Amino acid sequence: MTTRILPKRKAEKETAATTVYHALKRDIVRGALEPGHKLLIDQIAERYAAGTNPVREALNRLSSERLVDREDQRGFFVPPISIEDFRDIVQTRCWVEGKALEESIRNRTEAWEDAIILANHRLNNTPIHFYAHTEPGMPPPDNSLWEERHRIYHRALIANCGSAHLLRFSDELMLLGERYRFISMVNTYPRRKSNEEHQAIVDATLAGDVETAVAELQGQYQLTLQIYEEIMQPKSTVLP
């Protein structure tokens, strides 16, 4: 059997495209590139010190994941945000991940339980820094480790559902939802007890209590939506 060695130029091109893809995705999710912003290829290439071809590949990949809007004859844009869109994302996550968690509990294994316990332990021991505590003019706090472990935690809960398509769809919804969660973190103070929310989900899951586990998971997503709605509601004007 002959081993095929990829040409060096092609490997370098794929590496550059992947690097741009991850950097651009991060900046879109975290709001560094604002909703509605037009993503000009030359400007993106300059921003990430990359060639135009890797940028095009990254934009096309993000477009397929719905993190970039592609409009004929107009180019690429950061998708707009709206309360209606976030409500739709949260409701869909509740349906999809609720079912995935239910199936994971039914398919429970010791390895799956151990992964949940470990993911929850690491998340609980990772500090999260709120934007409200940031001094004016200072860059936003770096919560990249917490974000990574938060994704691992939620993925661990549903990892045993038995459906690769369900897991892939859940990953896409999680990223779409993260855009809104970053906005809520920027504009609010630490008024929720995330560790307790996560522990309640874990306790019910490990106990095999499907109804409570799904309700706790969906309740956490609904709380994030509630906080976002309060932030985005226009402030009422008090007449003299």
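Description of the structure in this document. Going along each chain's sequence as written, the residues are numbered from 1 onward. Confidence filtering applies because this is a predicted model: local features only for residues at pLDDT of at least 70, side-chain atom pairs given and counted only at 80 or more, and all residues used for totals across whole chains, interfaces and linings. Only hydrogens and water are set aside; all other atoms, that is, all heavy atoms of the structure, feed into the side-chain values.

It is worth spelling out the nonpolar core at this point. Side chains that are nonpolar tend, in soluble globular proteins, to be buried together. Here, the term nonpolar core denotes a set of buried Ala, Val, Leu, Ile, Met, Phe, Trp, Tyr and Cys residues that are joined through side-chain atoms within 4.5 Å. Buried residues are those whose accessible area, probed at 1.4 Å on protein chains only, stays under 20% of the maximum for their type, while exposed residues exceed 50% and partly exposed ones sit between those limits. By size, the foremost hydrophobic cluster in this structure holds 53 residues, and its most contacted members are Leu24, Leu39, Leu59, Leu101 and Leu157. Where helices and strands are cited, they refer to DSSP runs of H or I of at least four residues and of E of at least two residues respectively, numbered from the N terminus. When residues in this core are grouped by element, the largest group, 8 residues, is from helix α4 (residues 83-106).

So, on to helix α5 (residues 110-124). In this analysis, the expected span of each helix is defined as 1.5 Å times one less than the number of residues it contains. With 15 residues, α5 extends 21 Å between its outermost C-alpha atoms, agreeing within 8% with the 21 Å of an ideal straight helix rising 1.5 Å per residue. By the burial criterion, the buried members of α5 are Trp112, Ile116, Ala119, Asn120 and Leu123. The buried residues of α5 occupy an angular sector of 95° when the element is viewed end-on, so they sit on one face. Turned more than 90 degrees away from the buried face of α5, the exposed residues are Glu110 and Ala111. By the convention used here, residues are in contact when the closest approach between their heavy atoms is within 4.5 Å. Tucked inside the fold, the buried residues of α5 contact α4, α6 (144-158) and α8 (194-206). Note: the arc covers the axis-to-C-beta directions of the helix.

Moving on, we get to the sheet that holds strand β1 (residues 38-39). Strand pairing requires that DSSP identify at least two bridges connecting the strands. The strand order β1-β3-β2 describes an open sheet built from 3 strands, whose pairing is antiparallel. Because the sheet does not close on itself, it has two edges, and the strands there are β1 and β2 (69-71).

Pairing of aromatic side chains here covers Phe, Tyr and the six-membered ring of Trp, requires ring centres within 6.5 Å, and sorts the geometry by plane angle: under 30 degrees stacked, over 60 edge-to-face, intermediate tilted. Evaluated as defined, the whole model comprises 3 aromatic pairs. Ring centres 4.4 Å apart and planes at 5° place the aromatic pair Phe86 and Tyr180 in the stacked group. Of the two residues, Phe86 sits in helix α4 while Tyr180 sits in helix α7 (residues 164-187), which places them 94 residues apart along the sequence. No difference in accessibility class separates Phe86 from Tyr180, as the two residues are buried. A centroid spacing of 5.2 Å and a plane angle of 80° characterise the contact between Phe86 and Tyr228, whose relative ring orientation is edge-to-face. One end of the pair, Phe86, is in helix α4; the other, Tyr228, is in helix α9 (residues 210-232), and 142 residues separate them in sequence.

Looking at the element boundaries, Glu178 is found in helix α7. Setting aside its immediate chain neighbours within four residues, Glu178 contacts Val29, Glu147 and Arg151.

A word on the packing of α6 against α8. Where α6 contacts α8, the two axes come as close as 11 Å, and the packing angle between them is 25°. One finds that α6 runs roughly parallel with respect to α8. With respect to the hand of their crossing, α6 and α8 are arranged in left-handed fashion. The segment α6 lies against α8, with Trp146, His150, Tyr153, His154 and Leu157 engaging His198, Ile201, Val202 and Thr205. Three classes are used: nonpolar for Ala, Val, Leu, Ile, Met, Phe, Trp, Tyr, Cys and Pro, charged for Asp, Glu, Lys and Arg, and polar for all others, with Gly counted as polar. Its residues assigned to classes, the contact of α6 with α8 comprises 5 nonpolar, 4 polar and no charged. Interaxial angles span 0 to 180 degrees and are taken between N-to-C directions of axes, which are lines fitted to C-alpha atoms, for helices over the stretch in contact. Note on terminology: angles under 35 degrees are roughly parallel, angles over 145 are roughly antiparallel, angles of 65 to 115 are roughly perpendicular, and the others are oblique. By convention, the crossing between two helices is left-handed when the near helix turns anticlockwise from the far helix through less than a right angle, and right-handed when the turn is clockwise.

Bringing the environment of Leu145 into the picture now. By secondary structure assignment, the location of Leu145 is in helix α6. Distance in space between the C-alpha atoms of Leu145 and Ile128 is 8.9 Å, their sequence separation being 17 residues.

With that out of the way, let us pick up the pattern of salt bridges. The salt bridge criterion pairs a side-chain nitrogen of Lys or Arg with a carboxyl oxygen of Asp or Glu, the two atoms within 4 Å. Tallied over the entire structure, the rule returns 11 salt bridges. The shortest N-O distance in the salt bridge between Asp27 and Arg47 comes to 3.2 Å. In this pair, Asp27 sits in helix α1 (residues 8-29) while Arg47 sits in helix α2 (residues 41-47), placing the two residues 20 residues apart along the sequence. Residue classification places Arg47 among the partly exposed positions, given a relative accessible area of 44%. With its nearest N and O atoms 3.1 Å apart, the salt bridge here joins Glu103 to Lys99.

Mapped onto the secondary structure, Ala204 falls in helix α8. Accessibility expressed as a relative area gives 7% for Ala204, which makes it buried. Counting along the chain gives 11 residues from Ala204 to Ala215, while the straight-line C-alpha distance between them is 9.6 Å.

Structurally, the position occupied by Gln218 is in helix α9. Beyond its immediate stretch of four places on either side in the chain, Gln218 contacts Cys94, Trp95 and Gly98.

Let's shift gears to the packing of α5 against α6. α6 packs onto α5 with a crossing angle of 155° between their chain directions and a minimal axis gap of 9 Å. Of the possible angle classes, the one that applies to α5 and α6 is roughly antiparallel. Seen from above, α5 lies across α6 with left-handed handedness. In this structure, α5 uses Trp112, Ala115, Ile116, Ala119, Asn120, Arg122 and Leu123 to contact α6, whose residues at the interface are Trp146, Arg149, His150, Ile152, Tyr153, Ala156 and Leu157. Classifying every residue of the contact of α5 with α6 by side-chain character gives 10 nonpolar, 2 polar and 2 charged.

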